[in-house]
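# Coordinates in review
Here are the chains, one letter per residue:
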Amino acid sequence: VTKIEVGDLSKEDTNELISDMIQTPAGQTRSLTDVVYRKTSGNVLFVLQFLWSLCDEYLLFFSLSSNQWLWNTAMIESKGVAHNVIELMSCKILQLSGESQNALKLMACLGSFCEEAILNLITGSDGMIALSEDYVSNAPQGLNCGHLDLFEALGFAVKKGLMIHIDSNYKFTHDQIQLACYSLIPKNMRGRWHLWIGNRVWANRAASPEKALFIAVGQLNKGVMFLHGMDQRIELARLNLEAGKKSMSLAAFAPAAYYLETGIGLLHENSWSDHYDLCLQLYESYAESSYCQGKFVEMNYALQDIFDNARSSDDKLQAYFTLVRALGAQNKLPEALETGLFFLSELGEPIVISSDTKAIFLAEFSKTKHMLDGKTDDDLLSMSIMTNKTKITAVRLMSILSLYAYLSDQKLYSLLVFRMLQTSLLHGICHESIPGFASYGGLLSCCFRDIEGAYRFGQLSLRLLEKFEAKECLGQVYLVIYSLINGWIESHYSSLEPLQFAYSNQMRCGEIQYAMMSARQYCTHMYQCGVELSTVEKTCEDYGKMMIEHKQDLFYKYTLPYRQASLNLMGRSKDPLLLTGEAMDQDVLLNDAIGSKEMALVSLIYHQCSWLAYIFSDYKLAFEMIEKGNVIDTSTYPAFMISSYAFVEGLVSLALARETKEATWETLASKAIDKMAIYASILPSNFQHKLLLLQAESFFLSGDTVNASKHFDDAIKAAGENNFIQDQAIAYERAGVFHSSEGSALIASQYFGQAHVSYLKWGAYCKADHIRFQFPF
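Quick look at the structure, then. Just so it is clear, the structure is predicted and the values come from calculations on it, not from any experiment. (Residues numbered from 1 in each chain as written. Predicted model: local features only at pLDDT ≥ 70, side-chain atom pairs only at ≥ 80, totals over all residues. Heavy atoms only, no water.)

### Re the side chain of Thr559
Our working rule: Numbering of helices and strands runs from the N terminus; a helix is a DSSP stretch of H or I covering at least four residues, while a strand is a stretch of E covering at least two. Each residue is placed in one exposure class: buried if its accessible area under a 1.4 Å probe, protein chains only, is under 20% of its type's maximum, exposed if it is over 50%, and partly exposed if it falls in between. Note on definitions: a residue-residue contact is assigned when non-hydrogen atoms from the two residues lie within 4.5 Å.
Note that Thr559 resides in helix H30 (residues 553-570). Given the relative accessible area of 2%, Thr559 is considered buried. Leaving out residues up to four positions away in the same chain, Thr559 has contacts with Arg520, Cys540 and Met547.

Given below as structure tokens:
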């Protein structure tokens, strides 16, 4: 008898085989070969069986209309392994020794791969599975043989090509091999294998406790049908709670929800009375993990169980926190604020709101300022720790509500910030106090233009963050500093990296809302900085997908006007003046915002419309949009936002003043210039070029050609030096209009040419075409 050992086919041989079988040129079958080879690794039997199964499922078929073989690569990629292939591999595995078979079965229970460290938890330090009397009775059939040299058996499997061993990891060479090995365990015994493995891992967890926790709980959960005693089920519920909380700390919300839901499923009908603390923690954590995934229906069921069974108001606190944040995430800001304010009153911290909001605002500011008088940074950093649990809870709730109030009720936002600071100054510092100091700095900058004071409290909050290692508060602090404070202190570009870091940090901490708010601000600042438009658009789209995935509609809507404006300028919309296209429908979003009283969003939409109308020279429409957008008080808005409002209103007013010769427009323009002069005096690098362009237009209007020419050039230079390419492009264009009106066609042509280049550099291809057609150069 002559034995001929036949190895697997190479990819080229596999392609040749497939090409020959379906009578199709080899060059055309490579896409099919790629997926087939990935599924079979060239094993001839696997290849043939797999191709037959593709034909059976019409994923590979002969088309009479095109007279050729066709296949669906995407569907083939997603295709599971056929049962007959698994059976084929099972036969091969059954030819191995009993020890090798058992080793492969054990590995199959652990998944497609496993680290040596986990295997050591099962075997012990000598690599041998030694079954003591405690384990023999529960050991799976086939493993109660005394000793099994697991690593030697796995080494044999590696030689046979069934597994690979790389970097202390054992891995099945194909998923179907794992399935084949697993299929060799009788279905009614698989739970026992998992239960035995879980017990072994948990018994030896000291060597690697964190890894052991997840492996053990995962295995024990699969063997739960063999846990008959209620004490065992309750203990497993506790382990699922521990695994769920650990997953939450790693921002792994889906696995966390699985563990927590499994833990809840292990409870019995009297568990709320018999195991109250365990039930409360499981339901609290499950509600929070569901909220983090945007699964609000599941969250509400869990919260209702807490509200129905909690023994005291204190035990409902965490549930209320989750409920308020969920309402905010669903863009139900009035309900979130109403629920939160009621909760605050119950905690002894009522926020009084009356019609005379200005008087209350000034009174609370004066009270806070008086409490801070004479206190140095060192005094504040060395304040005692807040120990009153009720006050800690109140400050935490104020911190959450301040975000929703900032987006919908600026006066309430200010009162919440003042109360956070007052409570901390009276009762001591806690983690949630830290954003209060930063927010107070934000109010100093926006409401009082006290830039020095704002910077002081911003830096103080950063020092408190470091001192208390309060990572969960970083997002809120960074948002205030890099949106409300530092816009008056440093280049707008310098905010981009911290905001991106805040997003990543808060995602890791499970602070989803502040992660998404950071992402929203990052998109806004990119657009304002004049980052290339295709980058802005893609970033808005990517973060938008994350917001949708986590059901954070509140922040998603605010990215849409920036994304659609970018698309319009890039030429990817039917009408560049209308925010309707791939990203949004202007009328739909406006009506939705007006219906839900989101006036900040209404204002943002109209502001972008006015900006686009000005860029494309429709000045009457631009002013109409400005008027419609005057629906909120923007005094507490970030520096760059209020400067943008003044900038656009000034440019539009000056353009209309030239067209109509009406003094009203000059008055409006003068007010805008005065505002911009203040902003530029505080931080020239962010605002000087805007002021210079407004002044150039004003000199142009008054007929002062010498100063007009100089200021246009100065505006172009300042915008370029500070990397605001979009404003530089506009300055070039307006300078071209000025020189054209003076009869200097050659000079005007040069400016229009530079404007065209700048618009292209910005990525505003539609506007570049517009200027080329409107002002040929």
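### Digging into helix H31 (residues 586-595)
Heads up, the condition is: Our arc is simply the arc of the directions from the helix axis toward the C-beta atoms. In the analysis that follows, any N or O atom pair within 3.5 Å is treated as a polar contact, provided that within protein one partner can donate a hydrogen and the other can accept it, and provided that, for residues neighboring in sequence, both atoms belong to side chains.
Listed as buried for H31 are Gln586, Leu589, Leu590 and Ala593. For H31, the angular spread of the buried residues around the axis is 100°, confining them to a single face. Of the residues in H31, the exposed ones pointing more than 90 degrees away from the buried face are Val588, Asn591 and Gly595. Sitting at the head of H31, Asp585 places a side-chain oxygen 3.1 Å from the backbone nitrogen of Asp587. Looking one or two places after H31, you find Lys597, whose phi comes out positive at around 60°.

### A short note on the nonpolar core
In plain terms, the rule: What makes a nonpolar core is a set of buried Ala, Val, Leu, Ile, Met, Phe, Trp, Tyr and Cys residues whose side-chain atoms join them at distances within 4.5 Å.
The biggest cluster of nonpolar side chains holds 248 residues, and the ones touching the most others in it are Leu119 and Tyr404. Ignoring any residue separated from it by four or fewer positions in sequence, one finds Tyr404 in contact with Val324, Arg325, Gly328, Leu333, Ala336, Leu337, Asp409, Gln513 and Leu554. Grouped together as the second largest cluster of nonpolar side chains are 13 residues, Leu32, Leu51, Leu54 and Leu59 included.

### Let's talk about unusual backbone geometry
Excluding glycine, residues mostly carry a negative phi; peptide bonds, for their part, are mostly trans. A positive phi is found at Asn331, a non-glycine position, where the angle reads about 70°. Inspection of the secondary structure puts Asn331 in the loop between helix H18 (317-329) and helix H19 (333-346). The buried category is assigned to Asn331, whose relative accessible area is 9%. Despite not being glycine, Asn723 has its phi angle at roughly 65°, a positive value. Residue Asn723 is classed as partly exposed on the basis of its relative accessible area, which comes to 48%.

### Overview of the packing of H30 against helix H40 (residues 765-774)
Basically, it comes down to this: Angles run from 0 to 180 degrees between N-to-C directions of axes, and those axes are lines fitted to C-alpha atoms, restricted for helices to the stretch in contact. Should an angle lie under 35 degrees it is considered roughly parallel, over 145 roughly antiparallel, and from 65 to 115 roughly perpendicular; all remaining angles are considered oblique. Three classes are used: nonpolar for Ala, Val, Leu, Ile, Met, Phe, Trp, Tyr, Cys and Pro, charged for Asp, Glu, Lys and Arg, and polar for all others, with Gly counted as polar.
H40 packs onto H30 with a crossing angle of 40° between their chain directions and a minimal axis gap of 4 Å. The angle between H30 and H40 falls in the class oblique. Contacts between H30 and H40 involve Asn568, Leu569 and Met570 from the former and Tyr765, Cys766 and Lys767 from the latter. Class assignment for the residues of the contact of H30 with H40 results in four nonpolar, one polar and one charged.

### Section: the sheet that holds strand E4 (residues 163-166)
Rules: A pair of strands is labelled paired if DSSP reports no fewer than 2 bridges between them.
The three strands are arranged E3-E5-E4 in an open sheet whose pairing can be described as antiparallel. Two strands bound the open sheet, and with one partner strand each, they are strand E3 (113-115) and E4. Taking the axes of each pair of neighbouring strands and ignoring which way they run, one obtains an average angle of 15° across the sheet. As judged from the four bridges shared by E4 and strand E5 (residues 169-172), these two strands associate in the antiparallel manner. If you follow Ile164 over to E5, its bridge partner there is Lys171. Most of the contacts of helix H9 (residues 150-159) go to E4, to which it runs at about 110°, and overall it touches E4 and E5.

### Quick look at the pairing of strand E2 (residues 68-71)
Regular strands place side chains that alternate from one sheet face to the opposite one. As paired strands, strand E1 (residues 60-63) and E2 are joined by four bridges and run antiparallel to one another. Bridged to Ser63 within E2 is Gln68. Between E1 and the antiparallel strand that follows it, E2, lie four residues; Asn67 among them carries a positive phi value of about 60°.

### Here we look at H9
Spacing of three or four residues puts side chains on the same side of an α-helix, whose turn is 3.6 residues. Those residues of H9 not exposed but buried are Leu150, Ala153, Leu154 and Ala157. Down the axis of H9, the sector holding all buried residues measures 100°, keeping them to one side. Exposed residues lying more than 90 degrees from the buried face of H9 are Glu152 and Lys159. The inward-facing, buried residues of H9 contact helix H6 (98-110), helix H7 (116-123), E4 and E5. Within two residues after H9, Gly161 carries a phi angle of roughly 80°, on the positive side.

### A closer look at the pattern of salt bridges
Keep this limit in mind: Whenever Lys or Arg places a side-chain nitrogen within 4 Å of a carboxyl oxygen from Asp or Glu, that contact is recorded as a salt bridge.
In the structure shown here, the tally under the stated rule is 25 salt bridges. Across the salt bridge formed by Lys391 and Glu349, the nearest N and O atoms sit 2.7 Å from each other. With Lys391 in helix H22 (residues 389-408) and Glu349 in the loop between H19 and helix H20 (357-372), this pair connects stretches of sequence that are 42 residues apart. With a relative accessible area of 13%, Lys391 lands in the buried category. The exposure class assigned to Glu349 is buried, which follows from its relative accessible area of 8%. With its nearest N and O atoms 3.7 Å apart, the salt bridge here joins Arg563 to Glu541. With Arg563 in helix H30 and Glu541 in helix H29 (residues 533-549), this residue pair connects regions lying 22 residues apart in the sequence. Each of Glu537, Glu541, Lys545, Arg563, Arg572 and Glu582 takes part in one network of salt bridges that share partners.

### Some thoughts on the packing of H31 against helix H32 (residues 599-615)
Convention followed: Crossing handedness is defined as follows: a turn of the near helix away from the far one that is anticlockwise and smaller than a right angle gives a left-handed crossing, while the clockwise case is right-handed.
Contact pair H31 / H32: the axes reach a minimum separation of 8 Å and the direction vectors enclose 150°. Judged by the inter-axis angle, H31 sits roughly antiparallel to H32. Here the hand of the crossing between H31 and H32 comes out left-handed. Contacts from Gln586, Leu589, Leu590, Ala593 and Ile594 in H31 reach Met599, Leu601, Val602, Ile605, Tyr606 and Cys609 in H32.

Such coordinate-based values are descriptive only and should not be taken to indicate function.
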